[in-house]
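# Fold and geometry: a report
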Amino acid sequence: MKKIAVLTSGGDSPGMNAAVRAVVRKAIYHDIEVYGVYQGYQGLITNNIKQLDRGAVGDKIQRGGTFLQSARCPEFKDPKVRQQGIENLKKLGIEGLVVVGGDGSYRGAQRLNEEGIKTIGIPGTIDNDINGTDFTIGFDTALNTIIEVVDKIRDTASSHERTFIIEVMGRDAGDLALWSALAGGAETVLIPEFKKDVQEIADKIQQGIERGKKHSIIIVAEGVMSGEDCAEELKKYINVDTRVSVLGHMQRGGSPSGIDRVLASRFGAYAVDLLMNDETGLAVGIQNNKLTKTKFEDIFSSQHKIDEEMYRLTNELSI
Ligand code: F6P
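An account of the accompanying structure is given in this report. (Residues numbered from 1 in each chain as written. Predicted model: local features only at pLDDT ≥ 70, side-chain atom pairs only at ≥ 80, totals over all residues. Heavy atoms only, no water.)

### Re the sheet that holds strand β7 (residues 188-190)
Consider a sheet: its strands pair through backbone hydrogen bonds, and that pairing is either parallel or antiparallel. Note the cut-off: What makes two strands pair is DSSP finding at least two bridges between them. Put simply, DSSP marks the helices as runs of H or I at least four residues long and the strands as runs of E at least two long, and each gets a number from the N terminus on. Inter-axis angles, ranging from 0 to 180 degrees, are taken between N-to-C directions of lines fitted to C-alpha atoms, where helices are fitted over the stretch in contact. Two residues qualify as a contact provided that any one of their heavy atoms is within 4.5 Å of a heavy atom in the partner residue.
With parallel pairing, four strands are arranged side by side in an open sheet as β7-β8-β6-β9. Each edge of the open sheet is held by one strand with a lone partner, namely β7 and β9 (242-246). Sheet twist, expressed as the average angle between the axes of neighbouring strands with direction ignored, equals 20 degrees. Strand direction decides the pairing type here: strand β6 (residues 163-168) and strand β8 (residues 216-221), joined by six bridges, are parallel. Considered in β8, the bridge of I166 is made with I219. Contacts between helix α8 (residues 227-235) and the sheet are confined to β6, β7, β8 and β9, with β6 contributing the most and set at about 145 degrees to the helix.

Take a look at the structure:
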């Protein structure tokens with residue numbers, strides 16, 4: 001393979017730049033020309049494609065966001081629209097494409113692979129909701145961002161003897177909420193994968209107050225309900241001074257953690273290895289600290305699973 005391209009797609013995540021850097025440097029190391037597709041699939045359609053040399057990815061590994069930019073591009077589901085993108089790549093003689101993104105981006109990548117562009121996916125999303133990998137790029141950084149905020153909120157919650165409801169991202173997955181609840185020592189976590197009674201939460205807060213507890217932190221995953229709805233629900237069962245914090249897009253920003261930079265670098269280089277071996281239609285991942293490859297169709301065939309043991313542990317330690 002002489003020419004490949006790389007793009008970032010869907011919601012950005014810290015570490016995407018490190019992944020692109022690894023793709024570019026690894027490919028150039030092996031005498032392969034690399035092109036960056038700007039603005040995700042949108043840029044593929046509009047031909048926003050430029051060659052990247054080794055210097056183009058200098059000073060990028062530590063940056064949040066994605067210098068290639070990203071977009072949500074529902075039009076890409078249309079085969080005619082995809083064909084335009086394929087033609088743009090073929091005009092430049094590009095045979096392989098690396099797509100850094102989440103589940104939706106993988107679906108586009110799978111179609112492109114079927115339609116003649118050899119494609120590899122790299123899991124890039126803060127949600128950690130992709131099958132075939134223990135971790136996605138950006139999850140660790142987002143987790144650390146949330147923990148920092150939880151620690152700060154705990155200070156003021158305690159000063160004012162308040163209950164705080166902190167709404168975190170994750171789309172339909174509870175990973176960010178669960179991990180931040182365990183790491184942040186939250187009293188309660190609500191995730192889409194397990195139902196929890198609001199009465200039960202209220203009882204726990206009440207028991208805490210009786211034991212002299214000064215505050216209570218509830219982390220709610222956006223996939224369960226909004227922080228405001230959670231506060232409304234809670235009000236039906238207990239009368240406590242409550243505040244809601246919606247962390248929002250701050251969770252997607254910031255310089256990537258060391259873990260995310262290393263993960264992204266390993267994924268990016270491995271994606272190029274696979275393309276050089278003519279292995280395509282695959283997404284890379286990491287399982288038990290070993291790099292893995294999984295067919296796109298296997299990734300879509302089952303639902304992402306939460307770590308049940310961690311859920312139990314979080315509940316046990318937050319008594
Ligand atoms: O998939 C990443 C994510 O940040 C989700 O956690 C969240 O639900 C969604 O993207 C927000 O999307 P947007 O940036 O398009 O509002």
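### Focus: the sheet that holds strand β3 (residues 49-52)
Overall, mixed pairing links the seven strands, which are arranged β3-β2-β1-β4-β5-β10-β11 in an open sheet. What marks the edges here is a single partner per strand, and that holds for β3 and β11 (290-295). In this sheet, adjacent strand axes meet at a mean angle of 30 degrees when their direction is disregarded. Here strand β5 (residues 118-123) pairs with strand β10 (residues 282-287) via two bridges, running parallel. Residue pairing across strands places G121 opposite A283, the latter belonging to β10. This element, helix α1 (residues 16-29), spans β1 (3-8), β2 (33-37), β3, β4 (96-101) and β5 of the sheet and lies at about 175 degrees to β1. Helix α4 (residues 103-114) contacts β4, β5 and β10 of the sheet and is inclined by roughly 165 degrees relative to β5.

### Structural notes on unusual backbone geometry
Put simply, the test is: Under the scheme applied here, a residue whose accessible area is under 20% of the maximum for its type counts as buried, over 50% as exposed, and between as partly exposed, the area being computed with a 1.4 Å probe on protein chains only.
With a phi angle near 65 degrees, Q69 is a residue other than glycine that sits in the positive phi range. Mapped onto the secondary structure, Q69 falls in the loop between β3 and α3 (79-91). Since its relative accessible area comes to 41%, Q69 is described here as partly exposed. The residue D278 is not glycine, and still its phi comes out positive at about 65 degrees. Among the structural elements, D278 can be located in the loop between α9 (258-276) and β10.

### Here's the deal with the pattern of salt bridges
Note the following rule: Counted as salt bridges are all cases of a side-chain nitrogen of Lys or Arg within 4 Å of a carboxyl oxygen of Asp or Glu.
For the structure shown, the criterion picks out 17 salt bridges. Of the charged contacts in the structure, one is a salt bridge between D273 and K26, with a shortest N-O distance of 3.3 Å. In this pair, D273 is assigned in helix α9 and K26 in helix α1, connecting sequence segments 247 residues apart. With a relative accessible area of 22%, K26 lands in the partly exposed category. A salt bridge links D241 to R162; the nearest nitrogen and oxygen atoms lie 3.0 Å apart. Of this pair, D241 sits in the loop between α8 and β9 while R162 is found in the loop between α5 (139-160) and β6, placing the two residues 79 residues apart along the sequence. Its relative accessible area of 36% is what places D241 among the partly exposed residues. Residue classification places R162 among the buried positions, given a relative accessible area of 16%. Where salt bridges share partners, they join R162, D241 and R243 into one cluster.

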